[in-house]
Amino acid sequence: VHFFCICGDGEMSEGSCWEALLFAWKHRLGNVTLIVDLNKYGQSEEAPHGHKDGRMKDKLAAFGAKVFVVNGHDVGKIIAVLEKVRKTPGQLTAIVAKTMKGKYFTEKIEDKPGWHGKPLQGEDAKNAIENIKRLMHAEDAKLEPVKPQKLTVKDPLPTFTVPELSYKKGDKVATRNAYGTALVAIGKQSDKVVALDGDTKNSTMAIGFAEAYKERFAEAFIAEQNMVGAAIGMQARGFIPFASTFAAFHTRSFDFIRIGSISMANIKIVGSHAGIHIGQDGPSQMGLEDIAMMRCVPGSVVLYPSDAVSCENAVVLAANYKGIVYIRTTRGNTPVVYENGEKFEIGKSKVHRPASGKGSVTVVAGGVTFHEAMKAQEELKDEVVVVDVFSVKPLDAETIYSLSLIHISEPTRPLYISYAVFCLKKKKKKK
């Protein structure tokens, strides 16, 4: 199978285009050809290189591509260069097709700016149609191109199970380590599982998968947009990709995650080193916006495991869910809270009550803040009910709201509940 990607010269100002070229060269993707339409114009003015095909050719060649320049209006020459591309096995290739915007339409718009996305009207439209008709050799000519090979995914996606766990309650294990362990485990269950990482695999702990299944791991380097773009391509071919980097760096990949949601992509995103918990790494590495970003993606699921057991369950749930799933992991070690056989579900939380079974305060938390809330429960004895949110989206609204009713029914008690509960209470009243 040979893949052709068409880009406009204005689009080639986008950094992700060059990320993709470097990725294709590094991984020796000789079955990929980039076609650049060099028509001189962007949307509002000339593109940076105008009609200088030499500059575009040199840049593409610098990224490892064998480059062909062709008159983009000459069908015979285009066919000839496509044949050359087919005869260049094992080599990343690119075609610079030099064209003129509005060619053959009318002098009014040919090679003129200001016509992006504007249809011709009245006499201008009639003149353009007549000009094109004059170029036709036969109006009844029939083109019958060779049909491309149909890319259908025949095998159904597998169902994954949680492996036998051997954690001990109280042991301190970072959820990023549990992610790495779980990724290797589901990789063993099916060769449809693939992984990518943004040159952080020794921190996100995707390194275990990279070493165990080298042929199913792709190093994307510090090019997060392209990492997610490649993951979207892999899922289109029937794979289940897990793409990981620091949560903070997914602010770059978010553009592609958003586009992936439009086509209902089946990708799994993992963001590690979340929150201010990673103080020693500095503020530039702290993922603070990730939950808000990922929650607003249509159809997404957001999971925030608090210990190793819940994290391994999160990985399996993500693999079994068809759609975009975000898993947030942390750098520091946190205590194992759950028994190895504990079951987790998307859309469900875990409630930790004090010995009395009641409490004056309900704290809804996840990850590191969950463990801080548990410390408060221990110190304040019967005062605190802690909810381990686990599933940030969809939120376990029913459980959280039911806990808020306990406080509402006893107005003499101080009411300290999360903003999420406050919103749920207002929503319930409106109904």
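The structure displayed is predicted, hence computed values, not measured ones.

S.K.: I would appreciate a short explanation of the packing of aromatic side chains in the present structure.
M.R.: What describes a pair of aromatic rings is the distance from one ring centre to the other and the angle between the planes of the rings. Enumeration according to the criterion identifies 5 aromatic pairs in this entry. An angle of 50° between the planes, with centres 4.9 Å apart, marks the rings of W18 and F63 as tilted. One end of the pair, W18, is in helix α1 (residues 15–26); the other, F63, is in the loop between α2 (53–62) and β3 (66–71), and 45 residues separate them in sequence. Here F246 and F249 contribute two aromatic rings whose centre-to-centre distance is 5.3 Å and whose plane-to-plane angle is 10°, an arrangement assigned as stacked.

S.K.: I'm lost on the sheet that holds strand β16 (residues 390–393) in this one. Help?
M.R.: Spatially, the 7 strands line up as an open sheet ordered β7-β6-β8-β9-β11-β10-β16, and their pairing is mixed. Every other strand in the sheet has two partners, leaving β7 (217–219) and β16 as the edge strands with one partner each. Direction aside, neighbouring strands of the sheet carry axes that sit 20° apart on average. Taken together, the 3 bridges between strand β10 (residues 301–304) and β16 define a ladder with antiparallel strand orientation. Residue Y304 lies in a different strand from β16, and its bridge partner there is F390.

S.K.: Is there a simple way to explain the pairing of strand β4 (residues 93–98) in this structure?
M.R.: Side chains on a regular strand alternate between the two faces of the sheet. For β4, the buried fraction is high: 5 of the 6 residues fall into the buried class. Across 6 bridges, the pairing between strand β2 (residues 32–38) and β4 is parallel. Residue I35 lies in a different strand from β4, and its bridge partner there is I95. Pairing of β3 with β4 involves 6 bridges; the strand directions are parallel. In the sheet register, F68 faces β4, and the bridge partner there is I95. Taken together, β3, helix α3 (residues 75–86) and β4 form a β-α-β motif whose crossover is right-handed.

S.K.: Just to check I follow, could you spell out empty space enclosed by the protein for this structure?
M.R.: Vacant regions in the atomic arrangement are exposed by a probe of water-molecule size rolled over the atoms. Taken as a whole and judged by the stated rule, the model has 2 cavities of 30 Å³ or more. Its boundaries defined by the atoms lining it, the largest cavity holds a volume of some 50 Å³. Lining the largest cavity are Y41, G42, Q43, S44, E45, K101, K112, P113, G114, W115 and H116. In terms of residue class, the lining of the largest cavity is made up of 3 nonpolar, 5 polar and 3 charged.

S.K.: Please explain the layout of surface pockets as it appears in this structure.
M.R.: Here the largest pocket defines a volume of roughly 1300 Å³. Forming the boundary of the largest pocket are 33 residues, of which F23, L29, V32, A230 and G233 lie nearest the centre. Contributions of two or more residues to the lining of the largest pocket are made by β1 (3–8), α1, β2, β6 (193–197), β7 and α8 (224–236). Classifying every residue of the lining of the largest pocket by side-chain character gives 23 nonpolar, 6 polar and 4 charged.

S.K.: Would you explain the confidence of the model for the protein chain in this entry?
M.R.: For the protein chain, the mean per-residue pLDDT works out to 91, and 93% of the residues sit at or above 70. Note that pLDDT drops below 50 for residues 412–428; the model gives that stretch 24 contacts with residues more than four away or on any other chain.

S.K.: How do you make sense of the nonpolar core when you look at a structure like this?
M.R.: Generally speaking, soluble globular proteins have nonpolar side chains that are buried together. Counting residues in hydrophobic clusters, the biggest one holds 42 residues, and the most contacted among them are Y167, L183, I186 and F242. The dominant element in this core, judged by the number of residues it contributes, is helix α11 (residues 308–320), at 9 residues. When neighbours within four sequence positions are excluded, Y167 is seen to be in contact with V173, A178, T181, A308, V309, E312, V336 and N340.

S.K.: I tried to follow the state of the cysteines on my own but got confused; where do I start?
M.R.: A covalent bond bridging the sulfur atoms of two cysteines is what the word disulfide describes. Scanning the entire structure with this criterion turns up 0 disulfides. No disulfide involves C7; its nearest neighbouring cysteine sulfur is the one of C5, lying 4.0 Å away. No disulfide involves C17; its sulfur sits 4.5 Å from that of C7, the nearest cysteine. A relative accessible area of 11% means that C17 is categorised as buried.

S.K.: Explain the environment of F3 here, please?
M.R.: You can see F3 is positioned in strand β1. Between the C-alpha atom of F3 and that of A178, which follows or precedes it by 175 residues, the distance is 36 Å.

Calculation notes
Residues numbered from 1 in each chain as written. Predicted model: local features only at pLDDT ≥ 70, side-chain atom pairs only at ≥ 80, totals over all residues. Heavy atoms only, no water. Phe/Tyr/Trp six-rings, centres within 6.5 Å; stacked < 30°, edge-to-face > 60°. Helix = DSSP H or I, 4+ residues; strand = E, 2+ residues; numbered from the N terminus. Pairing = 2+ DSSP bridges. Axes fitted to C-alpha atoms, helices over the stretch in contact; angles between N-to-C directions. Buried < 20%, exposed > 50% of the residue type's maximum accessible area, 1.4 Å probe, protein only. Right-handed = clockwise from strand over helix to strand, strands pointing away. 1 Å grid on protein atoms, 1.4 Å probe; cavity = no way out; pocket = protein on both sides within 12 Å on 5 of 7 lines; lining within 4 Å. Points joined across faces, edges and corners; volume = space filled by probe spheres on them. Nonpolar A, V, L, I, M, F, W, Y, C, P; charged D, E, K, R; others polar. pLDDT = per-residue confidence, 0-100. Contact = heavy atoms within 4.5 Å. Core = buried A, V, L, I, M, F, W, Y, C linked by side-chain atoms within 4.5 Å. Disulfide = S-S within 2.5 Å.

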